[in-house]
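# Observations on the three-dimensional arrangement
The primary structure of each chain is shown beneath.
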Amino acid sequence: MINFFDILKMLDLRPKIVYLFGAGATHAELSNIVKEKEVAPKFLKDNGLLMAEVSRRVTKKAKSQNFFKSIKMFSVPQGSSNIELLISLIENNANKILQSSKITSGLKKLVRKDIERVLKNNLSKNFYLYKALLELDKANKDTEEILGYISLNYDTVLDQAYCEILSSKKPNYCISPLEKVTHKTKNSNPFLLKLHGSFRWVGYSKITKIPIIPLGVNKNYLQLPYSFIWGYAHEILKKCDILRIIGCSLNQNDSQLIDLLFKAHLHKKDSFEIHVIDFDENGQRIKGDYEFFPKIKTFSEIFGSKYDNSNTKIINESFQNWLKYKAAELSEDKINETKYLKKLIK
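Below: a short report on this structure. (Residues numbered from 1 in each chain as written. Predicted model: local features only at pLDDT ≥ 70, side-chain atom pairs only at ≥ 80, totals over all residues. Heavy atoms only, no water.)

### Regarding helix α13 (residues 318-327)
To be explicit about the condition: Buried residues are those whose accessible area, probed at 1.4 Å on protein chains only, stays under 20% of the maximum for their type, while exposed residues exceed 50% and partly exposed ones sit between those limits. In this description a helix means any DSSP run of H or I spanning at least four residues, a strand means any run of E spanning at least two, and both kinds are numbered starting from the N terminus.
By the criterion of burial, α13 is predominantly enclosed, with eight of the 10 residues buried. Listed in full, the buried residues belonging to α13 are Ser318, Phe319, Gln320, Asn321, Trp322, Leu323, Lys326 and Ala327.

This is the structure we're talking about:
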């Protein structure tokens, strides 16, 4: 006997979902395992993965580096919170700055070292929020169709979760034609599209020299394989009904990303919902900044006013809370089939 969910799938009536992850999603993994909330602020200041925190640590460290001496006048004691803008300003004024390329290269290397330092810590072995989300998506496969996961992050925390939960040796990165080197068969799993590249492409040991799109306001994604990755991102966005944004502030530094969302609306010839999984205040700011995207919803608007998500906590647990509220919609049997989602809610 055909049930209601089978009919939805047959008629292709399931809402089509795309996720967009920023640094805040991996940062949530880190904050989630800090059990003592009173020590969290100090811990996250030294290890947090939000770009503002990484920026402060890197620019503070850069002051003691030889490459930074010629622009030391721009340094501040506590470090700068916007390294992307700083790098872009240096690049735009390269003719006035001695060894400007050496300075920007040095800053970018420090960013990578800082992020990898945090993620090499044994704490990262205990991350499980991405895994819980992927389990949630598997449990909801009859009611939602996941088109893909878009990430702005260089780290491989999501990639590893993807491989474990979806039983895949490698994510469906869509880095063709380069992926043909090691991947000959079509991957049926949802896309994992890393718009700015990756420190490591999981499962592609023979492809090691794909340069990341470095920090800076003026990112160039027209070269291979990024033209493919951004093209696939455009394709799934113009088909989606709901874009879920986790850990991404839609910062205006990333104008190409905003342009991508704008183009997707144009080609869809309709608006898709944009769910901001963050403090309500941050969601309201995004609504104000991008009023021309008419279907932006804050956290509380997604679930209704009974789930207030105001910025009153030491740690932003929006990702964790969203997972819990979505899990509450599942049957007990489906929850018991999970490993990480069950761990989060019980």
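### Considerations on the packing of aromatic side chains
Worth spelling out the cut-off: Here a pair means two rings of Phe, Tyr or Trp (six-membered ring of Trp) with centres within 6.5 Å. Their orientation is stacked below 30 degrees between planes, edge-to-face above 60, and tilted elsewhere. Two conditions define a charge sitting above a ring: the NZ of Lys or the CZ of Arg must be within 6 Å of the ring centre, and it must be within 35 degrees of the ring normal.
On inspection of all chains with the given rule, the structure shows 19 aromatic pairs. For the pair phenylalanine 67 and phenylalanine 68, a centre-to-centre distance of 6.4 Å together with 90° between the ring planes defines the contact as edge-to-face. Both residues of the pair, phenylalanine 67 and phenylalanine 68, count as buried. Each ring, one from phenylalanine 299 and one from phenylalanine 303, has its centre 5.3 Å from the other, and the planes form 50°; the classification is tilted. Separated by four residues within a single helix, phenylalanine 299 and phenylalanine 303 lie in helix α12 (residues 299-303), roughly one turn from each other. Comparing phenylalanine 299 with phenylalanine 303, the two get one shared label, buried. Above the plane of the ring of tyrosine 204 lies lysine 170, whose end atom (NZ or CZ) is 4.9 Å from the centre.

### Considerations on the nonpolar core
The condition that has to hold: Definition used in this section: a nonpolar core is a set of buried Ala, Val, Leu, Ile, Met, Phe, Trp, Tyr and Cys residues joined via side-chain atoms within 4.5 Å. Should any heavy atoms of two residues lie within 4.5 Å, those residues are counted as being in contact.
Ranked by internal contacts, the top residues of the largest apolar core, which has 107 residues, are Leu107, Leu243 and Leu250. Look past the residues within four positions of leucine 243 in its chain and what remains in contact with it is Val18, Tyr19, Leu20, Leu237, Leu261, Phe272, Glu273, Ile274 and His275.

### A look at unusual backbone geometry
Following leucine 224, the chain continues to proline 225 via a peptide bond in cis, the omega torsion being 0°. The residue proline 225 is located in the loop between β3 (191-194) and α9 (226-239) in this model. The phi torsion at serine 167 lies on the positive side, around 50°, for a residue other than glycine. Its location among the elements puts serine 167 in the loop between α8 (157-165) and β3. Residue class for serine 167 comes out exposed when judged on its relative accessible area of 69%. Although it is not a glycine, leucine 250 sits at a positive phi angle of roughly 50°.

### With respect to the packing of helix α2 (residues 23-32) against helix α3 (residues 40-47)
The following threshold applies: With axes taken as lines fitted to C-alpha atoms, and helix axes fitted only over the stretch in contact, angles between N-to-C directions fall between 0 and 180 degrees. The labels follow the angle: roughly parallel below 35 degrees, roughly antiparallel above 145, roughly perpendicular from 65 to 115, and oblique for the rest. The crossing is said to be left-handed when, going from far helix to near helix, the turn is anticlockwise and less than a right angle, and right-handed when the turn is clockwise. Gly falls in the polar group here, along with every residue not listed as nonpolar (Ala, Val, Leu, Ile, Met, Phe, Trp, Tyr, Cys, Pro) or charged (Asp, Glu, Lys, Arg).
The N-to-C vectors of α2 and α3 enclose an angle of 140°; their axes lie 11 Å apart at closest approach. What the angle tells us is that α2 and α3 run oblique. In this structure, α2 crosses over α3, and the sense of that crossing is right-handed. Judged by residue contacts, His27, Leu30 and Ser31 of α2 engage Phe43, Leu44 and Asn47 from α3. Classifying every residue of the contact of α2 with α3 gives three nonpolar, three polar and no charged.

### Thoughts on the sheet that holds strand β4 (residues 242-246)
The test is simple: In this analysis, strands are considered paired if DSSP registers two or more bridges between them.
Spatially, β3-β2-β1-β4-β5-β6 is the arrangement adopted by the six strands of the open sheet, whose pairing is parallel. Each edge of the sheet is formed by a strand with only one pairing partner; in this case those strands are β3 and β6 (296-297). As paired strands, strand β1 (residues 16-21) and β4 are joined by five bridges and run parallel to one another. Across the sheet, residue phenylalanine 21 finds its bridge partner in β4, namely isoleucine 246.

### Structural notes on the pairing of strand β5 (residues 273-277)
Our working definition: Look down the strands so they point away from you; if the path from the first strand over the helix to the second goes clockwise, the crossover is right-handed.
Counting buried positions along β5 gives four out of five residues, so the element sits mostly inside the fold. Relative to β5, β4 runs parallel, the two being bridged by five bridges. Each bridged residue has a counterpart across the sheet, and for isoleucine 245 the counterpart in β5 is valine 276. Following the backbone out of β4, through helix α10 (residues 255-268) and into the adjacent parallel β5, one traces a crossover that is right-handed. In the sheet, β5 pairs with β6 via two bridges, with the strands oriented parallel. Across the sheet, the residue bridging to isoleucine 274 is isoleucine 296, located in β6. Since β5 and β6 lie parallel, the crossover through helix α11 (residues 280-289) that links them has a hand, and here it is right-handed.

### Quick word on helix α7 (residues 129-139)
Because each turn of an α-helix spans 3.6 residues, side chains separated by three or four positions end up pointing in the same direction. Of all 11 residues making up α7, 10 are buried, and the element is well covered by its neighbours. Here α7 has its buried residues at Leu129, Tyr130, Lys131, Ala132, Leu133, Leu134, Glu135, Leu136, Asp137 and Ala139.

### Topic: the pattern of salt bridges
To keep things clear, this is the line we draw: Note on definitions: salt bridges are taken to be side-chain nitrogens of Lys or Arg within 4 Å of carboxyl oxygens of Asp or Glu.
For the structure on display, the rule yields 17 salt bridges. Across the salt bridge formed by glutamate 145 and arginine 14, the nearest N and O atoms sit 3.9 Å from each other. Of the two residues, glutamate 145 is situated in strand β2 (residues 145-151) and arginine 14 in the loop between α1 (4-10) and β1; the sequence distance between them amounts to 131 residues. Note on arginine 14: relative accessible area 13%, which makes it buried. Here arginine 285 and aspartate 289 are joined by a salt bridge, their closest N and O atoms 2.7 Å apart. In this pair, arginine 285 and aspartate 289 both sit in helix α11, four residues apart, roughly one turn of the helix. If you follow the salt bridges from partner to partner, you end up with Glu144, Arg244, Lys326 and Glu329 in one network.

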